[in-house]
Every structure is written in structure tokens, then in C-alpha cells.
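Structural description and commentary
Listed here are the chains, written in short residue letters.
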Amino acid sequence: MELYPADMAGFMDMFPTEDTCLEYLSLVRWPDGYKCLRCGNGDYWKKARGLFTCRACGYEASVLVGTLFQDTRKPLRLWFQAMWYVVNQKNGVSALGLQKALGLGSYHTAWEWLHKLRRAMVRSGRERLSGIVEVDETLLGGEHPGKRGRGAEGKSLIFIAAEEAAHSENAIGRIRLSVLENAAGETLVKAVQAAVEPGSLVRPDGWSGYSSLPSHGYTHVPNFHKDAAPGDATPLAHRVASLLKRWWLGTHQGAISPTHLAYYLDEFTFRFNRRTSRSRGKLFYRLIEGALQSDPVPAKTLTQHLEAREPTA
Ligand SMILES: [Zn+2]
């Protein structure tokens, strides 16, 4: 079996039935073959809905339990189609867009699925940025006066870390984004520590908030980017900020609730860091992998903030 489909036709061929989806999930989850989770024996019976029964001790395991798909009542094929759609939309997906693409009867289902899938986009223990990294902050939100939001103006402060690409200092490598509680030096340093490997060269826009970085094992890069406009110390981070704003206003119409913002930033990062990957199938595979590694997300934990959901039109 191929590791992932190359295109839409390949996708259709690869997943014609529920069983082919279940089979794929077991291959991705247990690439070396299933072994009993209790006794380690590799001899088993397969039952319906991805159940494996150990021939030695009788222990029963399910490929779906403990994953993002755990309690779903919808067909896995529909989930797979949603994931294929999500990785193929370069600029991201709104719930309404997904609802229309899959012909889902309920906007809420599309909304809930996107929230769950965002949690599958970031893997725990991912490595931090390294080399030369530009850091900056930007404000998101508040473009719609009268809309309720956090803070007086409904804006959220976002931390941006953008790595200089290895092949060219004018190109961006990987990025990391996070929501900042405030712009205090201590907060900024924590954000850098979460995103950037110590020993890296860090180039901030303003200097004062980051002045303690050298005492945390980072090297401040004082020389400005050679092609930067005068006064623009961090052109790469600024480029990310403007793409982020365009995505926020375009795909999401400026209507992301601050409660969920961090997950939307994860989605932006997932897409951005894989923007040059020509294979959408590989992204699909990564998303499946992430979904299998994600803990189940009970719908209850999502719906409590439904009042702040995206616009329906
Ligand atoms: Zn066993």
C-alpha cells in the first residue's frame, strides 16, 4: 500500500470503503504491525470497526480508541474527505467552506471537526527553531468595531518567530506563533524559549523587551538584515505578520474568538511550514498521524464557547 495518495483520483481509489480507512489508520498507527497492548503478542483476530483481539490473552484493542476519531458516529470516509479537503486548501478553511464541500447538513459538525483537526496539526515535542531567528509581536483583531473581544479594542497580541531559511537570508524557513498575555519582557522571553533553541541567533525588532535574552543563552543579532528597508530590522517576521493578517481577514473574516485563537495559529503554522511541499498527500498523512496521536476531544469542551463562533454567512 502507498503511504499516501498523490492526488484526488488516488485518494478516491485508496479509500473507497470504511474498511479501507480503518486499515489505513492501523497501518499509520502501528507501522510495524499490531502487537497486543497488554501482552505484546503479534497474533490477533481482526473484527469490525478496527477491533483487534489477541489470540494469546484475548485482550481487545481498537485502532480508534484514544485518538481524535474515538467517539465519532460519522463515517471515517467522511472524516478522510474532510482531511483531504483541509490539506488541499492552501489558504485555510472556514467551517462554512467545509460544510459546503462535504455537503454536511450541519454547520456545527463542520465547525467542530475543524476545531478537532487543528489539534492534530501540532505534534507535542516538536523541535524548536534554530539558526538565525527573527522575533516580533503583532496585533490581531479589533477590525470590526462593536464586536466583543478581549481587551478594550478586542485585539490579541501575537508572538512571531521566523527562521531564516538555510539557503537564503531573504527566505523564511519555519515559523512559530503564540498568543501573548502581555508585552512584558518576561512574557516575551518565555515565548522565545518555547519557540527557539538556545544558542540560536535572535533578531528582535524592538530591543528593550528582549534585552535579557543573552542571559538565557541566546545571541542577539545586532546587524540588520542587509536588504531590509531602513528601520525594518525584521522583514521576515513582518512578512509573516502581513500573511497572518490577510489570512485572518480573508479566510476567517476577522472573526476568530480569542478562546480558540491559539489553535487557529497552530493551523496557520502547520500550513505555512509545509507551504513548499508539493505533495498534498504527505500533508494528509501528517494530519492522519496527528489525529491518531491526539487525545479525543469531547464535543462538550468545544461547545461551551459556541457563542463566539465564526459567522455563518
Ligand atoms: Zn495479548
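Provided above is the structure to which this section pertains.
Not measured: the values here are computed from a predicted model.

**Looking at the coordination of the zinc ion**
- The protein atoms donating to the zinc ion are Cys 36 (SG), Cys 39 (SG), Cys 54 (SG) and Cys 57 (SG), with metal-donor distances spanning 2.3 to 2.4 Å.
- One can describe the site at the zinc ion as tetrahedral: its four donor atoms subtend angles covering 102 to 119° at the metal.
- Linear spacing of the donor residues for the zinc ion on their chain is C-x2-C-x14-C-x2-C. With Cys 39 in the loop between helix H2 (18-29) and strand E1 (44-47) and Cys 57 in the loop between strand E2 (51-54) and strand E3 (60-62), this residue pair connects regions lying 18 residues apart in the sequence.
- Judged by relative accessible area, Cys 39 falls into the partly exposed class, the value being 42%.
- Assessed through its relative accessible area of 30%, Cys 57 is described here as partly exposed.

**Some thoughts on unusual backbone geometry**
- Phi angles above zero are rare outside glycine, and Arg 49 is one such case at about 55°.
- Within the element layout of this structure, Arg 49 appears in the loop between E1 and E2.

**Observations regarding the environment of Asn 41**
- Note that Asn 41 resides in the loop between H2 and E1.
- Through-space distance from the C-alpha of Asn 41 to that of Arg 55 is 7.9 Å; in sequence the pair is 14 residues apart.
- A polar atom in the side chain of Asn 41 sits 3.2 Å from the backbone oxygen of Asp 43.

**Remarks on the layout of surface pockets**
- In this structure, the second largest pocket spans a volume of roughly 370 Å³.
- If you trace the second largest pocket, you find 14 residues lining it, with Lys 90, Asn 91, Leu 243, Phe 268 and Phe 272 closest to the centre.
- In terms of residue count, the dominant contributor to the lining of the second largest pocket is helix H7 (residues 235-250) (four residues).
- Of the residues in the lining of the second largest pocket, the class split is five nonpolar, four polar and five charged.

**Examining the pattern of salt bridges**
- Summed over the entire model, instances satisfying the criterion amount to 14 salt bridges.
- For Glu 267, the salt bridge is made with Arg 118, and the minimal N-O distance between the two is 2.7 Å. Residue Glu 267 is located in helix H8 (residues 261-273), and its partner Arg 118 is located in helix H5 (residues 107-119); the two are separated by 149 residues in the primary sequence.
- The class for Glu 267 is buried, based on a relative accessible area of 2%.
- Residue class for Arg 118 comes out buried when judged on its relative accessible area of 1%.
- In this structure, the salt-bridge partner of Arg 174 is Glu 163, at a minimum N-O distance of 2.6 Å. Here Arg 174, found in strand E6 (residues 172-180), pairs with Glu 163, found in strand E5 (residues 155-164); they are 11 residues apart in sequence, far enough to count as distant.
- Relative accessible area serves as the criterion here: at 23%, Arg 174 is assigned to the partly exposed category.

**As for the packing of H7 against H8**
- Running from amino to carboxyl end, H7 crosses H8 at an angle of 115°, the nearest separation of the two axes being 12 Å. Note on packing geometry: the crossing formed by H7 with H8 is right-handed. Listed contacts from H8 to Val 240, Leu 243, Leu 244, Trp 247 and Trp 248 of H7 are Leu 261, Tyr 264, Leu 265, Phe 268 and Phe 272.
- In terms of residue class, the contact of H7 with H8 is built from 10 nonpolar, no polar and no charged.

**Some points on the pairing of strand E7 (residues 201-204)**
- Across four bridges, the pairing between strand E4 (residues 132-141) and E7 is parallel. Residue pairing across strands places Val 135 opposite Pro 204, the latter belonging to E7.
- Here two bridges tie E7 to strand E8 (residues 219-220), and the two strands are oriented parallel to one another. Looking at E8, one finds that Leu 201 is bridged to Thr 219.

**Details of the nonpolar core**
- By size, the foremost hydrophobic cluster in this structure holds 50 residues, and its most contacted members are Tyr 24, Leu 25, Phe 69, Phe 80, Phe 284 and Ile 288.
- Among the elements of the structure, helix H1 (8-14), H2, E2, helix H3 (76-88), helix H4 (95-102), H5 and helix H9 (280-293) are those that each provide at least two residues to this core.
- Tallying contributions element by element places H3 first for this core, with nine residues.
- Dropping the residues within four chain positions of it, Phe 284 is found in contact with Pro 5, Phe 11, Phe 15, Tyr 24, Phe 80, Met 83, Trp 84 and Val 87.
- Ala 162, Ala 237, Leu 261 and Phe 268 belong to the second largest nonpolar core, which has 20 residues in total.

**Things to note about helix H6 (residues 185-195)**
- Taken as a whole, H6 has its buried residues at Thr 187, Leu 188, Val 189, Ala 191, Val 192 and Ala 195.
- Contact partners of the buried residues in H6: E4, E5 and E6.

**Remarks on the sheet that holds E5**
- In spatial order, the strands read E6-E5-E4-E7-E8; together these five strands make up an open sheet with mixed pairing. In this open sheet, the two strands that pair with only one neighbour each are E6 and E8.
- In the packing of H6 onto the sheet, the strands contacted are E4, E5 and E6, and the crossing angle to E6 comes to about 140°.
- The sheet contacts of H8 involve E4, E5 and E6, and relative to E6 the element is tilted by about 180°.

Definitions and limits used
Residues numbered from 1 in each chain as written. Predicted model: local features only at pLDDT ≥ 70, side-chain atom pairs only at ≥ 80, totals over all residues. Heavy atoms only, no water. Donors = N, O, S within 2.8 Å, 3.2 Å for Na, K, Ca; no water. Tetrahedral: all angles 85-135°; square planar, octahedral: opposite > 155°, others 65-115°. Helix = DSSP H or I, 4+ residues; strand = E, 2+ residues; numbered from the N terminus. Buried < 20%, exposed > 50% of the residue type's maximum accessible area, 1.4 Å probe, protein only. Polar contact = N/O pair within 3.5 Å; in protein donor to acceptor, adjacent residues only side chain to side chain. 1 Å grid on protein atoms, 1.4 Å probe; cavity = no way out; pocket = protein on both sides within 12 Å on 5 of 7 lines; lining within 4 Å. Points joined across faces, edges and corners; volume = space filled by probe spheres on them. Nonpolar A, V, L, I, M, F, W, Y, C, P; charged D, E, K, R; others polar. Salt bridge = Lys/Arg side-chain N within 4 Å of Asp/Glu carboxyl O. Axes fitted to C-alpha atoms, helices over the stretch in contact; angles between N-to-C directions. Left-handed = near helix turned anticlockwise from the far one by under 90°. Contact = heavy atoms within 4.5 Å. Pairing = 2+ DSSP bridges. Core = buried A, V, L, I, M, F, W, Y, C linked by side-chain atoms within 4.5 Å.

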